[in-house]
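# Close look at the chain arrangement
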Amino acid sequence: MERVVRRDVRELPKAHLHLHFTGSMRPSTLLELADKYGVRLPEALTGAEPPKLRATDERGWFRFQRLYDAARSCLREPEDIQRLVREAAEEDIADGSGWLEIQVDPTSYAPRLGGLIPALEVILDAVDSASRETGLGMRVLVAANRMKHPLDARTLARLAVRYADRGVVGFGLSNDERRGMARDFDRAFAIAREGGLLSAPHGGELTGPSSVRDCLDDLDATRIGHGVRAAEDPRLLKRLADRGVTCEVCPASNVALGVYEKPEDVPLRRLYEAGVPLALGADDPLLFGSRLAAQYDIARRHHDFSDDELAELARQSVRGSAAPEGVKEKLLSGIEEWLA
Ligand SMILES: [Zn+2]
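Presented here is a report on the structure given in the accompanying data block.

Criteria and cut-off values
Residues numbered from 1 in each chain as written. Predicted model: local features only at pLDDT ≥ 70, side-chain atom pairs only at ≥ 80, totals over all residues. Heavy atoms only, no water. Phe/Tyr/Trp six-rings, centres within 6.5 Å; stacked < 30°, edge-to-face > 60°. Helix = DSSP H or I, 4+ residues; strand = E, 2+ residues; numbered from the N terminus. Buried < 20%, exposed > 50% of the residue type's maximum accessible area, 1.4 Å probe, protein only. Pairing = 2+ DSSP bridges. Right-handed = clockwise from strand over helix to strand, strands pointing away. Polar contact = N/O pair within 3.5 Å; in protein donor to acceptor, adjacent residues only side chain to side chain. Contact = heavy atoms within 4.5 Å. Donors = N, O, S within 2.8 Å, 3.2 Å for Na, K, Ca; no water. Tetrahedral: all angles 85-135°; square planar, octahedral: opposite > 155°, others 65-115°. Axes fitted to C-alpha atoms, helices over the stretch in contact; angles between N-to-C directions. Core = buried A, V, L, I, M, F, W, Y, C linked by side-chain atoms within 4.5 Å.

### A few points about the packing of aromatic side chains
Following the criterion strictly, the structure yields 6 aromatic pairs and no others. Arranged with centres 5.8 Å apart and planes meeting at 20 degrees, the rings of Phe-64 and Phe-288 form a pair that is stacked. You can see Phe-64 sitting in helix 2 (residues 58-72) and its partner Phe-288 sitting in helix 12 (residues 285-288), a full 224 residues away along the chain. Judged by relative accessible area, which is 4%, Phe-64 ranks as buried. On the basis of relative accessible area, Phe-288 is assigned to the buried category, the value being 7%.

Structure representation (structure tokens):
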């Protein structure tokens, strides 16, 4: 069948499951906040182009983290947090998102917001009001940092569970996969899972298939942040497909960080054809220069996804989300309308 119609991917209803907190900031907002607090930003963050990054070695990853830290240092007051979340919601809506799960390690914001618990409360309040103001369904994944001690992760997991009725739906693990083992964090993830949160650690981005296997074996992952390197192992792909583990694939991020050289090198098709459920995500638009709809555009332009296949990607993002059934049904029928 020939593709004659090229529908607008921004109008395709979808769920956004991989977006980091500071990384969601508009570049213009970063400049304004830096001005407000007299912060001198690194030049890489003030240019018209996104910074040149390469995280395939530890130095490159460190540089990426340093830029992220500089941006985060501009978020100091609850009103900054509220603005960030509201704008993230607005950007997502403009890109056709009908459900957003934003990922945050409240530890990083605790010093400026009066401690870990006040920080999480400020964040959850901001998510709640942005959701009401914009109409976008939003929830939070609390993510532990694998550069820190596993005991810190346990504390965070207990806190995340306590706030499950205030909008926390999942528990993640981020930062350099080359550091520490997934199993060091198994207790934290057990606490999160027993508390009803979904397990969504990062894996298979900077290191190969074994890191994805570790997420399945040791953390009982229901979703994997990235997971793209699973494409190197057909048996692992089958396992992900059989268990219905959604991989939150972020093509622009992969290219920006040098995980793959070019957009067409991201193994999107291999994962898709293997039946692994996917949810495309923007990861850190502030640093990578593109948002949610652009990821679907990459699938279309560089991987030749037809509109039917793009719709299927969108369905997979919705099914992989923690959205209530009613929201899922509404989004799924919106996807059919987009195709009709
Ligand atoms: Zn990420």
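What follows continues from the structure just given.
### Some points on the pairing of strand 4 (residues 168-174)
With 7 of 7 residues buried, strand 4 is to be regarded as a mostly interior element. Looking at chain direction, strand 3 (residues 137-145) and strand 4 are connected through 6 bridges and run parallel. Considered in strand 4, the bridge of Ala-143 is made with Gly-172. In this fold, strand 3 hands off to helix 6 (residues 150-162), which returns the chain to strand 4; that crossover is right-handed. Pairing of strand 4 with strand 5 (residues 198-203) involves 4 bridges; the strand directions are parallel. Bridging from a neighbouring strand, Phe-171 pairs with Ser-199 of strand 5.

### Notes on the side chain of His-226
Summarising the element assignment, His-226 is placed in strand 6 (residues 223-226). Note on His-226: relative accessible area 1%, which makes it buried. Here Glu-205 takes part through its side chain, which lies 3.4 Å from a polar atom of the side chain of His-226. At 3.3 Å, the side chain of His-226 forms a polar contact with the side chain of Asp-283. When residues no more than four places from it in sequence are discounted, the contact partners of His-226 are His-18, His-202, Gly-203, Gly-204, Glu-205, Cys-247, Glu-248, Val-249, Cys-250, Ser-253, Asn-254 and Asp-283.

### Thoughts on the coordination of the zinc ion
Only His-18 (NE2), His-20 (NE2), His-202 (NE2) and Asp-283 (OD) from the protein coordinate the zinc ion, and they sit 2.1 to 2.4 Å from it. Between the 4 donor atoms coordinating the zinc ion, the angles at the centre fall across 85 to 174 degrees, so the site counts as irregular. The sequence pattern describing where the donors of the zinc ion fall on their chain is H-x1-H-x181-H-x80-D. Taken together, the residues His-18 in strand 1 (residues 14-20) and His-202 in strand 5 connect sequence positions 184 residues apart.

### Notes on the sheet that holds strand 2 (residues 97-104)
Reading across from one edge, 1-2-3-4-5-6-7 is the order of the 7 strands in this open sheet, with parallel pairing throughout. The open sheet has two free edges, formed respectively by strand 1 and strand 7 (246-248), since each of these has just one partner strand. Taking each pair of neighbouring strands and ignoring which way they run, the sheet shows an average axis angle of 25 degrees. The pairing of strand 5 with strand 6 spans 2 bridges and is classified as parallel. Each residue of the ladder has a partner; that of His-202, found in strand 6, is Gly-225.

### Section: the pairing of strand 6
Between strand 5 and its parallel partner strand 6, the chain crosses via helix 8 (residues 209-219), and the hand of that crossover is right-handed. In the sheet, strand 6 pairs with strand 7 via 3 bridges, with the strands oriented parallel. Across the sheet, the residue bridging to Gly-225 is Glu-248, located in strand 7. One crossover worth recording links strand 6 to the parallel strand 7 by way of helix 9 (residues 234-243), and it is right-handed.

### Remarks on helix 7 (residues 186-194)
Every buried residue belonging to helix 7 is among Ala-188, Phe-189, Ala-190, Ile-191 and Ala-192, and all of these are buried. Residues of helix 7 that are buried in the fold lie against helix 6, strand 4, strand 5 and helix 8.

### Let's talk about the nonpolar core
Within the largest apolar cluster, 111 residues are counted, with the highest numbers of intra-cluster contacts made by Ile-81, Phe-171 and Leu-240. In contact with Ile-81, other than residues within four places in its own chain, are Phe-21, Leu-75, Tyr-109, Leu-113, Val-122, Ile-123 and Ala-126.

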